Number of protein chains: 2
Amino acid sequence: MGCRTNVLHLLSDEAKIRKASPIKTTMKYFTDPNMVFLGAGMPSGDMFPFQNVSFKSVPLDDKGTPVIEGCIDRNVDNLEIENDVPLDLALQYGNSRGQPKLLAFLKEHMSIFHNIASDDWDLITTAGSTQAWDACLRLFCNPGETVLLEDYTYSSSVEAAVAQGLNCVAMEMDSDGIRTDKLEEMLRNWDTETQGPFPKLLYTIPNGHNPTGCTLHEDRKPTLVKLASQYDFVIIEDDPYYFLQMNKYGDPELKMPDDVDEEQWLKENLVDKLGRSLLEWDDFGRVIRLESVSKTFAPGCRLGWAIGPRYLLDHLWNLHEVSMQSTCGFAQTIINGMFQRWGQVGYMRWLLKLRNSYSTKRDFCLSQCQKYLAKSVCTINLPASGMFFMVYLDYRKHPKFSTDFCSDVDLLQEHLYQKFLQSGILMACSSWFRVDPTQKNTLAFRGSYASVDPDKMQRGIELLGSVIQTEFCLN
Amino acid sequence: MGCRTNVLHLLSDEAKIRKASPIKTTMKYFTDPNMVFLGAGMPSGDMFPFQNVSFKSVPLDDKGTPVIEGCIDRNVDNLEIENDVPLDLALQYGNSRGQPKLLAFLKEHMSIFHNIASDDWDLITTAGSTQAWDACLRLFCNPGETVLLEDYTYSSSVEAAVAQGLNCVAMEMDSDGIRTDKLEEMLRNWDTETQGPFPKLLYTIPNGHNPTGCTLHEDRKPTLVKLASQYDFVIIEDDPYYFLQMNKYGDPELKMPDDVDEEQWLKENLVDKLGRSLLEWDDFGRVIRLESVSKTFAPGCRLGWAIGPRYLLDHLWNLHEVSMQSTCGFAQTIINGMFQRWGQVGYMRWLLKLRNSYSTKRDFCLSQCQKYLAKSVCTINLPASGMFFMVYLDYRKHPKFSTDFCSDVDLLQEHLYQKFLQSGILMACSSWFRVDPTQKNTLAFRGSYASVDPDKMQRGIELLGSVIQTEFCLN
């Protein structure tokens, strides 16, 4: 289905100009013990001030697992585990695609969770998906060119594109993500006169979409990939919430029984239950997937990875070499140390714990919404993944919408935002996430259940409901 | 002298478009204990898998100082030192300018070493100076605009600019760095027809210049800053080798006596002996200085900082927010932990140790060059700072220069590079660092003494001398 072609013609002017650095060609001699390596600009490893770094984990789960403690020495001869990355290596220049041992673990991890269609895929580390998205924009787009984004999207993603002078075009969504039928229609009827240059890049957050919380339907995924091939564009699949795909609303926590083959059970009960990556349909080499540990470990790690066709990642790497150089060595060696001690099965158990934890939080949040938010004006989506829920309000039912607010949804939104604040609740305005600022047809607020404890959540939603009652004169 | 004006008119189109994110405005409510903070997209800190990270240093010096051990807990209530940054904070979103405690230490450090002229300077963290330079280019330059660089320069710096479609113009240098007289002449006679748009940015590596090893003369610094004001451009002072300013060639190591006031002695014998930053003359707010721990700690930390006018750093911050977001939290909390335990005086002692270590390496390297490299064809500069030395060869004395190599310096260079390699020495070709590729008037190779042990150094330089003997038929 479809012919395998490359997309080099879609690269930006800057990516086309950028070449691998000649000095990089010298690195192949670095491990030659007979070579006197005078040519490199590496500072003396003898003068790195760290003897070692250590880390201690929290318990993996409530099954009495001991905490994990790891100590990574500077010297390769003093490693606790063969697959650790010694500090002398982790903190030196070089390996700018990522430390090989970490890359190997991540590739194996990817292969467990994704049946990648291409046989020439690769994986390189990033400094997190925000950095990677900025880099992908630089890789493909010249100022004035067109990027497709979901009609609401992560505000930083659209801000990055707008500042680069790109033409950001919104794709219609429903509760199952991008309306691929509408997208096909838009592409088929694309008018460069009124809509700008034909799109080069499509950006999607398929799971637990930020801000709407919705998840792209499985049936739409092959269609999306096919459209990329048919209409000649590249898809950036930004999927930080992949492992926050939750249990069904109201279901109990998913617990692993004691007497099972852990790997087998996790395969059937975790891996097989998750949605698929677009990479699974990408025979065409048009998808770059962005993952990160920001939601599975912590955002401050600034460690993520891009997966996609090797030749495209080579171009991404060329950009990294002259910008961020490499992902932080502390993050790489510490997280690799945790991965190697957990192993793939241990990491899957952590991901299961995460799934249960977020499911519980979401369930409680939604139960409070159902209890306190007036159904006559509020619609709440039911997120199947991620950290976010949206409260949609029927602005037409606000008694002063057409008078005090001149039928301007954004004016009413700003008013309500302030009212919420005055009552002690901070919600994010949907307008902050809008790709097309002229489309003022929805009044909604984004909330997150990720890091709010139950007491505060109960109080917050109750207060929210009370402000809405008052504002919409529902008493 | 000169009027204080801002340089907002020099910002790139992208920097002018880029606004602070509206969602960032919510962060001011984050610490309000009465606010139910539903609006932020922060994952649950409860689910960060780390209880703590620890580090152990090497001994600070040979005066019997104990090694430093630090353990940074996730919980602010369990900190060993008040000024540590707990993991829960270091690994969460937020504080994208840098962790406040680290920023405070760095600002104090800057104030010890630099008498900054401006009274409205600020400091924000970067992911190292390569990232910061890329960001500065994005901040000021549109494709086609002009950047001034030293005629040889760090290859990544010119590659970043070239790929962005910039017009890279070489500034003439001598052994004291940029020839400010020639620069003034070039600016005065700038012809946009033949030379491109008038320069917006000047890039300099003032100490231990990469690749030439030379250091900008103190007398030229005020002139350079004055030219920026007079001719309306911004200077990026990339100074990673500042603390690799070495002792005089042949001098013994600089040892702190036992019975002195440490701070006072270090002030007089270290701080006061170092060259000044261009910031010391920058009444005009036209200098951004880039520092990093890549040479004082280790490159893999990917931690640096930019110092300059606050309003310019705000624009840099806006770019960081939609690209790298923040510097890695592990790097920040570990390096802050080391700084806080060392204190400013302890860190100065480390910098003294570094100075002595590099001085010894350089002295040995130069003694070998003097011993083995034929003076009739080789000229060696004497680096006062940094990691690099250059071997200049008189190509006119190569017997086959005009015949086999058609009087092409680069062809001869490639030939010699391969001959060196075959003999087991890797030197970097000067052509890799050339800003203007048409200026083939120098045959030189960059070497580094930073990370080569004495045995290998002796053998390498001896081999180098022997290849040169053979090639130039000096026997």
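The model shown is predicted, which means the values in this text are computed figures rather than measured ones.

Rules used in this analysis
Residues numbered from 1 in each chain as written. Chains lettered and ligands numbered in written order. Predicted model: local features only at pLDDT ≥ 70, side-chain atom pairs only at ≥ 80, totals over all residues. Heavy atoms only, no water. Domains from an automatic or database assignment. Contact = heavy atoms within 4.5 Å. Buried area = accessible area lost by both parts, 1.4 Å probe. Salt bridge = Lys/Arg side-chain N within 4 Å of Asp/Glu carboxyl O. Helix = DSSP H or I, 4+ residues; strand = E, 2+ residues; numbered from the N terminus. Nonpolar A, V, L, I, M, F, W, Y, C, P; charged D, E, K, R; others polar. Buried < 20%, exposed > 50% of the residue type's maximum accessible area, 1.4 Å probe, protein only. Expected span 1.5 Å × (residues − 1). Arc of directions from axis to C-beta. Phe/Tyr/Trp six-rings, centres within 6.5 Å; stacked < 30°, edge-to-face > 60°. Least-squares fit on C-alpha atoms with pLDDT ≥ 70 in both. Pairing = 2+ DSSP bridges. Right-handed = clockwise from strand over helix to strand, strands pointing away. Axes fitted to C-alpha atoms, helices over the stretch in contact; angles between N-to-C directions.

Asks: Looking at this structure, how should I read the domain arrangement of chain A?
Replies: Put simply, an interface is often sized by how much accessible area is lost when its parts join up. Residue and element names in this part refer to chain A. Taken as a whole, chain A is organised into domain 1 (10–353) and domain 2 (359–471). Computed over C-alpha atoms only, the centres of domain 1 and domain 2 are separated by 31 Å. Each partner contributes to the interface: domain 1 provides 31 residues, whereas domain 2 provides 27 residues. Between domain 1 and domain 2, roughly 2200 Å² of surface is buried when both sides are summed, and carbon and sulfur atoms account for 57% of that area. Among the residues of domain 1 in contact with domain 2, Tyr 152, Met 246 and Tyr 249 are the three that bury the most area, contributing 37% of the side total. The interface formed by domain 1 and domain 2 contains zero salt bridges. Counting only elements with at least two residues in the side of domain 1 that touches domain 2, the list comes to β5 (146–150), α5 (155–163) and β6 (167–171). It is β6 that provides the largest number of residues to the side of domain 1 that touches domain 2, a total of three residues. Class assignment for the residues of the side of domain 1 that touches domain 2 results in 13 nonpolar, 12 polar and six charged.

Asks: It is not clear to me how the side chain of Glu 291 of chain B should be interpreted in this structure. Could you clarify?
Replies: Residue and element names in this part refer to chain B. Mapped onto the fold, Glu 291 is located in strand β11 (residues 287–292). A relative accessible area of 3% means that Glu 291 is categorised as buried. In this structure Glu 291 touches His 109, Met 110, His 114, Ser 129, Phe 243, Gly 304, Trp 305 and Ile 307, once residues within four positions along its chain are discounted.

Asks: Would you explain helix α3 (residues 100–113) of chain A in this entry?
Replies: All names here are of chain A. Compared with the 20 Å implied by 1.5 Å per residue over 14 residues, the 20 Å span of α3 between its first and last C-alpha is a close match. For α3, the complete set of buried residues consists of Leu 102, Leu 103, Phe 105, Leu 106, His 109, Met 110 and Phe 113. In an axial view of α3, the angular spread of the buried residues amounts to 160 degrees, which keeps them on one side of the axis. Where α3 is buried, its residues touch β4 (121–126), β11 (287–292), β12 (304–309) and α11 (329–372).

Asks: What is the right way to read the packing of aromatic side chains from this model?
Replies: The geometry of two aromatic rings is summed up by the distance between their centres and the angle between their planes. All names here are of chain B. Applying the stated criterion across every chain, the model contains 40 aromatic pairs over all chains. Ring plane angle 20 degrees and centroid distance 6.2 Å describe the contact between Phe 389 and Tyr 449, whose orientation is recorded as stacked. A residue pair is termed long-range when its members are at least 10 positions apart, and Phe 389 in strand β14 (residues 388–393) and Tyr 449 in the loop between β17 (443–448) and α13 (454–471) qualify at 60 residues. Here Phe 389 matches Tyr 449 in class, with each residue buried.

Asks: Could you clarify how one ought to interpret the relation of the copies chain B and chain A in this entry?
Replies: Think of it as a corkscrew move, a rotation about one axis and a shift along it, taking one chain copy to the other. Superposing chain B onto chain A takes a rotation of 180 degrees combined with a translation of 0.0 Å along the rotation axis, leaving an RMSD of 0.0 Å. The transformation just described matches what one would write down for a two-fold rotation axis. Rotation axis and chain B: the residue whose C-alpha lies nearest the axis is Ser 54 of chain B, separated from it by 2.4 Å.

Asks: Would you mind going over the pairing of strand β9 (residues 201–204) of chain A with me for this structure?
Replies: Looking down a regular strand, the side chains alternate between one sheet face and the other. Residues and elements named next belong to chain A. Of the two faces of β9, the one holding Leu 201 and Tyr 203 and the one holding Leu 202 and Thr 204 are both buried throughout. Direction of pairing for β5 relative to β9: parallel, over a ladder of three bridges. Each residue of the ladder has a partner; that of Val 147, found in β9, is Leu 201. Relative to strand β10 (residues 234–238), β9 runs parallel, the two sharing four bridges. Of the residues in β10, the one forming a bridge with Leu 202 is Ile 235. For the crossover that starts at β9, traverses helix α8 (residues 220–231) and ends in the parallel β10, the hand is right-handed.

Asks: How should the sheet that holds β17 of chain B be read in this particular structure?
Replies: Within a sheet, neighbouring strands are paired by backbone hydrogen bonds and run either parallel or antiparallel to one another. Residue and element names in this part refer to chain B. Reading across from one edge, β13-β14-β17-β16 is the order of the four strands in this open sheet, with antiparallel pairing throughout. Across the chains shown, the open sheet's two edge strands, defined by having one partner strand only, are β13 (378–380) and β16 (428–429). Packing of helix α12 (residues 409–422) onto the sheet brings it into contact with β14, β16 and β17, and relative to β17 it is tilted by some 40 degrees.

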